[in-house]
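Chain by chain, the residues run as shown.
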Amino acid sequence: MGVRARRPAARILLVDRSGDAPGGRVLLFRFTPDDRPPFWVTPGGAVDPGESYEQAARRELREEVGLDRDCGAQVAARLVAFVTIEGVAVDADERYFRIDLDGCTVDPAGHTELERRVMQSWRWFTRAEIAAWPEPIYPLDLLAMLTETDPVEPVS
């Protein structure tokens, strides 16, 4: 087995709290690669050379969702091995950021050519939908990550 490339990545838990879904809804993008079945992921991607995880999170949020805002502090980290859409075996050091907001429309204008080809759809998922969805959703522990990072609601 060959050496796997190191891939630092910033990923965003983008949670819409405007509806009545318990815990809000989270935005996921559907990837439809040629070499494997479709799957869903949070917004985000690789950290560019010279970029911090925080800078990458803001850039990815702007490029993939159309929002330009600070993503705050890291809320979780995962080490995961996978093969990228481009066919590169990587050991990914993924850092997660969470943004809670009241509604958002995705603007795909910043999508790359590759994203336009393999990431053509997105939707907001309730936690119940994530638990029952028939296609893979990454990270595999997304529901636990959402629960662990839920803001503490003020006690009335």
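For every chain, the first residue of the written sequence is number 1, and numbering continues from 1 along that sequence. Two thresholds apply to this predicted model, a pLDDT of at least 70 for residue-level local features and 80 or more for giving and counting side-chain atom pairs, whereas whole-chain, interface and lining totals are computed over all residues. Here the side-chain values reflect all heavy atoms present in the structure, with hydrogen atoms and water set aside.

Asker: Just checking my understanding: could you explain the side chain of arginine 7 for this structure?
Answerer: Numbered from the N terminus, helices here are DSSP runs of H or I no shorter than four residues, and strands are runs of E no shorter than two. Of note, arginine 7 is situated in strand β1 (residues 5-16). Residue exposure (1.4 Å probe, protein chains only): buried if accessible area is under 20% of the type maximum, exposed if over 50%, otherwise partly exposed. When charges are tallied, Lys and Arg are placed among the positive residues and Asp and Glu among the negative ones, while His and the ends of the chain are skipped. What counts as a salt bridge is simple: a side-chain nitrogen of Lys or Arg found within 4 Å of a carboxyl oxygen of Asp or Glu. Although arginine 7 lies buried, it forms no salt bridge, and the closest oppositely charged side chain, glutamate 94, sits 4.8 Å away as judged by the N-O distance. Those residues in contact with arginine 7, other than ones at most four positions away along the chain, are Gly45, Ala46, Phe82, Thr84, Val90, Asp91, Ala92 and Asp93. The contact definition used throughout considers only heavy atoms, calling two residues in contact when any of these lie within 4.5 Å.

Asker: I keep staring at the packing of aromatic side chains and nothing clicks. Help me out?
Answerer: Working definition: an aromatic ring pair is given by the centre-to-centre distance plus the angle between the planes. Working definition: a ring pair exists when centres of Phe, Tyr or Trp rings (six-membered ring for Trp) sit within 6.5 Å. Plane angles under 30 degrees give stacked, over 60 give edge-to-face, the rest tilted. Under the criterion given, the structure shown has 6 aromatic pairs. For the ring pair tryptophan 40 and phenylalanine 125, a centre distance of 4.9 Å and an interplane angle of 80° mean the geometry is edge-to-face. With tryptophan 40 in strand β3 (residues 39-41) and phenylalanine 125 in strand β7 (residues 121-125), this pair connects stretches of sequence that are 85 residues apart. Residue classification places tryptophan 40 among the buried residues on the basis of a relative accessible area of 4%. Through a chain of ring-to-ring contacts, three or more aromatic side chains come together here, namely Phe31, Phe39 and Tyr138. Cation over ring: arginine 95 sits above tyrosine 53, and NZ or CZ is 4.3 Å from the ring centre. By definition here, charges over rings are those cases where NZ of Lys or CZ of Arg is within 6 Å of the ring centre and within 35 degrees of the ring normal. The ring of phenylalanine 125 has arginine 123 sitting right over it, with the charged end atom 4.4 Å from the ring centre.

Asker: Explain helix α1 (residues 53-65) here, please?
Answerer: Every α-helical turn comprises 3.6 residues, leaving residues that sit three or four positions apart pointing alike. Expected helix span is given by 1.5 Å per residue-to-residue step, counting one fewer step than there are residues. Helix length check: α1, at 13 residues, gives a terminal C-alpha distance of 17 Å against a target of 18 Å (1.5 Å per residue), a fit within 8%. Along α1, the positions that sit buried rather than exposed are Tyr53, Ala56, Ala57, Arg59, Glu60, Leu61, Glu64 and Val65. Among the structural elements, β1, β2 (25-31), β4 (44-46), β5 (74-83), β6 (89-101) and α2 (113-118) are those in contact with the buried residues of α1. One or two positions beyond α1, positive phi appears at glycine 66, with a value near 95°.

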